[in-house]
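Survey of secondary and tertiary structure
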Amino acid sequence: MSASAYFRITLHRSAIGLPQRTRGVLMALGLRRRQQTVFHPVEPQFAGMIFKVKELVRVETVDKPLSKAELKEERKPDPGFYLESRAAVPTPVVEESAEVRL
């Protein structure tokens with residue numbers, strides 16, 4: 001790995017109900033909320049912390065950390081698609097059933 005590589009760590013699962021030790025590892029990584037992303041250099045101590053919480057996080061290796069504004073821009077939906085309003089759902093027409101004569 002190059003010296004300028006970074007781990008992009010995103011908290012994917014909540015730590016509610018997990019041991020204090022596991023929550024402490026997440027706090028040491030700087031993760032407090034779900035879908036929060038942090039960047040740390042590729043170093044053994046961060047790799048060890050990630051290994052301890054591997055079930056809760058998603059990890060990628062990137063060349064440079066993104067700023068807060070760049071992360072926000074990345075989450076923005078494609079401008080070509082938007083929802084104007086919800087389509088009206090037609091109500092089913094119930095026809096009166098014909099009488100059955102025996």
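Here, every reference points to the structure presented above.
A few points on the structure. (Residues numbered from 1 in each chain as written. Predicted model: local features only at pLDDT ≥ 70, side-chain atom pairs only at ≥ 80, totals over all residues. Heavy atoms only, no water.)

1. Focus: the packing of aromatic side chains
Summed over the entire model, instances satisfying the criterion amount to 0 aromatic pairs. Cation over ring: K54 sits above F51, and NZ or CZ is 4.3 Å from the ring centre. (Phe/Tyr/Trp six-rings, centres within 6.5 Å; stacked < 30°, edge-to-face > 60°. Lys NZ or Arg CZ within 6 Å of the ring centre and 35° of its normal.)

2. Let's talk about the side chain of R8
Within the fold, R8 resides in strand 1 (residues 6–11). One polar contact links R8 to E74, side chain to side chain, over a distance of 2.5 Å. Setting aside its immediate chain neighbours within four residues, R8 contacts T37, V38, F39, R58, V59, E60, V62, L66, L71 and E74. (Helix = DSSP H or I, 4+ residues; strand = E, 2+ residues; numbered from the N terminus. Polar contact = N/O pair within 3.5 Å; in protein donor to acceptor, adjacent residues only side chain to side chain. Contact = heavy atoms within 4.5 Å.)

3. A few points about the environment of V42
Among the secondary structure elements, V42 is positioned in the loop between strand 2 (37–41) and helix 2 (44–52). Taking C-alpha positions, V42 is 8.1 Å from S4, a pair spaced 38 residues apart along the chain.

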